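So the chains spell out like this:
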Amino acid sequence: TQPDPMENLYNDGILTNVLSADGRYELRAAEFAVHSPCVVLSATDGCFGYLFSPMEFEGLLLSTLMEAGSPSQWEFMMAEAMGAVAGDDYTLELASFGFGSYQALQGAFRSRYDILCAQYLKPMEALDPGDRMGRTELWQHYRSGYLRYMGGV
């Protein structure tokens with residue numbers, strides 16, 4: 001079984017399925033039916049492994065989305081934000097479909113960003129940096145939505 005994503009941030013899991021020259025690895029795939037409009041995101045562990053919680057990664061995505069004035073500016077802002085925490089140890093791919101405009105994409109996620117800030121990011125900011133238990137409590141509320149498409153619920 002896979003470790004809990006929040007716990008894995010603090011106790012880095014052992015890599016068990018690594019691409020290497022010996023050829024002993026397994027490629028896994030999953031198919032999802034999506035409906036337009038949608039955003040498809042693929043991120044390596046470097047995107048969130050240097051943050052204190054999974055909520056902060058969503059916070060980076062949405063805060064930069066809201067602040068940027070264009071897709072290229074959003075890309076630049078995300079690269080700056082990720083580079084500040086992960087250096088070059090991350091890969092992030094994102095594609096959006098069916099929104100019609102960047103402003104429509106922003107509008108579609110504005111209420112989610114407001115909820116994320118109110119329920120998770122602001123309470124997390126109020127915690128002492130060493131308060132892992134407080135972060136874990138917030139994670140328990142956030143967890144089911146995070147794991148919904150990863151077979152973890």
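In this text the structure is predicted, and so the values were computed from the model without any measurement.

### Remarks on the overall build of the protein chain
Each helix and strand in the protein chain was counted, giving five helices and two strands. Expected size for 153 residues packed as a compact globule is a radius of gyration near 15 Å; at 17 Å, the protein chain falls within 12% of this value. The dimensions of the protein chain, computed from C-alpha atoms along their principal axes, are 45 × 40 × 30 Å. The buried share among the 153 residues of the protein chain stands at 28%. For the protein chain, long-range pairs separated by at least 24 residues make up 68% of all intrachain contacts whose partners lie at least 6 apart in sequence. As displayed, the protein chain has an accessible area near 10300 Å², and 53% of this comes from carbon and sulfur atoms. Positive and negative charge centroids in the protein chain, built from 9 and 20 side chains respectively, lie 7 Å apart.

### Description of the packing of helix α2 (residues 54-67) against helix α5 (residues 132-147)
Across the interface, α2 lies against α5 with an axial gap of 9 Å and an inter-helix angle of 65°. Taken together, the axis directions place α2 and α5 in an arrangement best described as roughly perpendicular. Only Arg135, Leu138, Trp139, Tyr142 and Tyr146 of α5 make contact with α2, whose side of the interface consists of Pro54, Met55 and Glu58. Here the contact of α2 with α5 is composed, by residue class, of six nonpolar, no polar and two charged.

### With respect to the nonpolar core
The biggest cluster of nonpolar side chains holds 30 residues, and the ones touching the most others in it are Met55, Phe57, Leu65, Trp74, Met78 and Met82. Elements supplying a minimum of two residues to this core: α1 (5-10), α2, α3 (71-86), α4 (102-126) and α5. Ranked by residue count, the leading element in this core is α4, at eight residues. Among all residues touching Trp74, those that are not within four sequence positions of it are Leu61, Thr64, Leu65, Ala68, Leu94, Tyr102 and Leu105.

### Thoughts on the packing of aromatic side chains
Counting across every chain of the model gives six aromatic pairs. Arranged with centres 5.1 Å apart and planes meeting at 80°, the rings of Tyr120 and Tyr142 form a pair that is edge-to-face. Of this pair, Tyr120 sits in helix α4 while Tyr142 is found in helix α5, placing the two residues 22 residues apart along the sequence. Residue Tyr142 is classed as buried on the basis of its relative accessible area of 8%.

### Observations regarding the pattern of salt bridges
If you walk through the whole model with that rule in mind, you get two salt bridges. Measuring nitrogen to oxygen at the nearest pair gives 3.5 Å for the salt bridge that ties Arg28 to Glu26. Glu26 sits in the partly exposed class, given a relative accessible area of 48%. With a closest N to O distance of 2.7 Å, Glu58 and Arg112 form a salt bridge. Of the two residues, Glu58 sits in helix α2 while Arg112 sits in helix α4, which places them 54 residues apart along the sequence. According to the relative accessible area criterion, Glu58 is buried, its value standing at 16%.

About the cut-offs
- Residues numbered from 1 in each chain as written.
- Predicted model: local features only at pLDDT ≥ 70, side-chain atom pairs only at ≥ 80, totals over all residues.
- Heavy atoms only, no water.
- Helix = DSSP H or I, 4+ residues; strand = E, 2+ residues; numbered from the N terminus.
- Rg over C-alpha atoms; globule rule 2.2 N^0.38 Å.
- Buried < 20%, exposed > 50% of the residue type's maximum accessible area, 1.4 Å probe, protein only.
- Contact = heavy atoms within 4.5 Å.
- Areas by Shrake-Rupley, 256 points an atom, 1.4 Å probe, with all protein chains shown as cover.
- Lys, Arg positive; Asp, Glu negative; His and termini not counted.
- Charge placed at Lys NZ, Arg CZ, Asp CG, Glu CD.
- Axes fitted to C-alpha atoms, helices over the stretch in contact; angles between N-to-C directions.
- Parallel < 35°, antiparallel > 145°, perpendicular 65-115°, else oblique.
- Nonpolar A, V, L, I, M, F, W, Y, C, P; charged D, E, K, R; others polar.
- Core = buried A, V, L, I, M, F, W, Y, C linked by side-chain atoms within 4.5 Å.
- Phe/Tyr/Trp six-rings, centres within 6.5 Å; stacked < 30°, edge-to-face > 60°.
- Salt bridge = Lys/Arg side-chain N within 4 Å of Asp/Glu carboxyl O.

Read these as spatial facts, not as claims about activity.
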